[in-house]
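In case you want the letters, here they are:
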Amino acid sequence: MKKTFTSIFMCFVAIAAMAQNKADIIVSYDSSSPNKFGKINTGKMSLLASPTEAKYFNDLSLWVDSL
């Protein structure tokens, strides 16, 4: 009985670990920074992260920044 429960539990753990490899996360936010004339520049930024790579880019120009 104990071995059966352990083997079923390990199957669920393996399935959960495999599901984590396919997850993608997108985080969007507004950034603001002062320019040399004292005005505040604002822009929408996004971070797209996956288990293999991450991309940080500006939503308006879609310019990709290296992390």
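Residues numbered from 1 in each chain as written. Predicted model: local features only at pLDDT ≥ 70, side-chain atom pairs only at ≥ 80, totals over all residues. Heavy atoms only, no water.

(A) Spotlight on the confidence of the model for the protein chain. In the predicted model, the protein chain carries a mean pLDDT of 76, and 76% of its residues have values of at least 70. Here strand β4 (residues 64-65) is the element of the protein chain with the lowest mean pLDDT, 58, and strand β1 (residues 25-34) is the one with the highest, 85. (pLDDT = per-residue confidence, 0-100. Helix = DSSP H or I, 4+ residues; strand = E, 2+ residues; numbered from the N terminus.)

(B) Molecular detail of the pairing of β1. Little of β1 sits out of view: just 0 of its 10 residues are buried. As judged from the 10 bridges shared by β1 and strand β2 (residues 40-49), these two strands associate in the antiparallel manner. By the bridge assignment for β2, Y29 is matched with M45. In textbook terms, the turn of a hairpin is the stretch between consecutive antiparallel strands, and for β1 and β2 this stretch comprises 5 residues, one of which, G38, has a positive phi near 90 degrees. (Buried < 20%, exposed > 50% of the residue type's maximum accessible area, 1.4 Å probe, protein only. Pairing = 2+ DSSP bridges.)

(C) A look at the pairing of strand β3 (residues 54-58). Inspection of the sheet shows β2 paired to β3 by 5 bridges, in the antiparallel sense. Bridge pairing in β3 links S46 to F57. If you look at the hairpin formed by β2 and β3, you'll find 4 residues sitting between the two strands.

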